[in-house]
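So you can see what is in the structure, the chains are spelled out below.
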Amino acid sequence: STRKESSAASDVYKRQEMYAIFAPAMQGQFDNATLPQVMEGIRQLGFRDVYEAAIGADAVAWYEKEDAKKHKAEGKKITTSCCPAFVNMAKQHFSTVYENNVSHMVSPMVATSRYLKKQYPGAKTVFIGPCVAKKQEVQDNDVDYCLTFEELGAMFVSKHISPENVTAREGDTASVHGRNFSIGGGVSKAVVEALKENDDETITAQYADGSAECKKALLMMKVNRFQADVLEGMACQGGCICGPATIENGMKVKAKMAKENLPLKDKTIASTLEAFDFSDIDLHH
């Protein structure tokens, strides 16, 4: 892991064709810097460009709705697959649930990386997030490196970059629904929103907040006593905004996200996919 982190920084500073993908929990992590300012700061580190993993989250939610409908029609439950720690828990301790119920959709990190590698063949991708479990996930997926917010902060310091003082540029963004994947309950809410936008049937969802609740919910699913259609599991209580490698307090981040995302309140998941075409990207494991 440490060798890969060093290699990531080395490739960036050698001006390799590197693209950064950041987790939605990035908002509010760096003092008063807006998300576009943080993105520009990342570019100034030497990345060719930077993208929101929330774009991939919108894509995952849009296509996840089809898997959720299929499972419901077959009388089966489905779990989300965005949190690698939750997925690992199911794989290691609830093998039948993992085989029968865990969604085969990739995480937003992997979805965004696949999109970028389709657009820019030969490019390398670096995920930046609040999660140490992502460092394990990148070993077996289409992402080259993984850095934490803390490591990004150290890179800013080393290059004397203060994100709140840089001039930001505007561009296409993800929806609030995709960005809210970082907040507990946000993943299943995005799937419900995707169904709503498609004038589709409704599904019920239950959120398991933290590893202990995840374990209980998986056990209930194993013995066929789980009631909802979808189980969203997050190993960190509160979701990714409370991850182990965050910089700012989770509640403050949530408040900053709500304020900064207010102008996007009417933006749909479908509109993200009009700007970023995932139709020819395989989003399954």
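This structure is a prediction, so every number in the text was calculated from the model and none was measured.

Conventions and cut-offs
Residues numbered from 1 in each chain as written. Predicted model: local features only at pLDDT ≥ 70, side-chain atom pairs only at ≥ 80, totals over all residues. Heavy atoms only, no water. Phe/Tyr/Trp six-rings, centres within 6.5 Å; stacked < 30°, edge-to-face > 60°. Helix = DSSP H or I, 4+ residues; strand = E, 2+ residues; numbered from the N terminus. Buried < 20%, exposed > 50% of the residue type's maximum accessible area, 1.4 Å probe, protein only. Lys NZ or Arg CZ within 6 Å of the ring centre and 35° of its normal. Pairing = 2+ DSSP bridges. Axes fitted to C-alpha atoms, helices over the stretch in contact; angles between N-to-C directions. Contact = heavy atoms within 4.5 Å. Core = buried A, V, L, I, M, F, W, Y, C linked by side-chain atoms within 4.5 Å. pLDDT = per-residue confidence, 0-100. Parallel < 35°, antiparallel > 145°, perpendicular 65-115°, else oblique. Nonpolar A, V, L, I, M, F, W, Y, C, P; charged D, E, K, R; others polar.

(A) Region of interest: the packing of aromatic side chains. Taken as a whole and judged by the stated rule, the model has 5 aromatic pairs. Ring centres 6.5 Å apart and planes at 45 degrees place the aromatic pair tyrosine 19 and tyrosine 51 in the tilted group. Separated by 32 residues along the polypeptide, tyrosine 19 in strand β1 (residues 18-22) and tyrosine 51 in strand β2 (residues 49-52) bring together distant segments of the chain. Exposure remark for tyrosine 19: the relative accessible area of 4% places this residue in the buried category. Considering the side-chain rings of tyrosine 19 and tyrosine 120, the 4.5 Å spacing of their centres and the 10 degrees angle between planes classify their relative orientation as stacked. With tyrosine 19 in strand β1 and tyrosine 120 in the loop between α6 (108-119) and β4 (124-129), the pair connects residues that are 101 residues apart, well separated along the chain. The ring of phenylalanine 127 carries lysine 134 above its face, with NZ or CZ at 5.6 Å from the centroid.

(B) The arrangement of the sheet that holds β1 in detail. Reading across the sheet, the 4 strands line up as β2-β1-β4-β5 and stay open at both edges, with parallel pairing between neighbours. Every interior strand has two partners, whereas the edge strands, β2 and β5 (145-148), have only one. Geometrically, the sheet is characterised by an average inter-axis angle of 25 degrees between neighbouring strands, direction not taken into account. Summarising the sheet, β4 and β5 pair through 4 bridges and their orientation is parallel. Bridge pairing in β5 links valine 126 to tyrosine 145. Docked against the sheet, helix α2 (residues 35-44) engages β1, β2 and β4, running at close to 145 degrees with respect to β2.

(C) View of the nonpolar core. Met26, Ile42, Ile128 and Phe278 are the most contacted members of the largest nonpolar core, which has 80 residues in total. In terms of residue count, the dominant contributor to this core is helix α3 (residues 53-73) (8 residues). Core analysis: the second largest hydrophobic core is formed by 6 residues, Ile78, Val191, Leu195 and Val230 among them.

(D) Expanded view of the confidence of the model for the chain. Per-residue pLDDT for the chain averages 93, and the proportion of residues at 70 or more is 95%. The secondary-structure element of the chain with the lowest mean pLDDT is helix α1 (residues 2-13), recorded at 58, while helix α11 (residues 211-222) shows the highest, at 98.

(E) A look at the packing of α3 against helix α10 (residues 186-197). Contact geometry for α3 and α10: axes closest at 8 Å, N-to-C directions at 85 degrees. Taken together, the axes of α3 and α10 are roughly perpendicular relative to one another. Facing α3, whose interface residues are Ala61, Trp62, Glu64, Lys65 and Lys69, α10 presents Ala190, Val191, Ala194, Leu195 and Glu197. Here the residues of the contact of α3 with α10 sort into 6 nonpolar, no polar and 4 charged.

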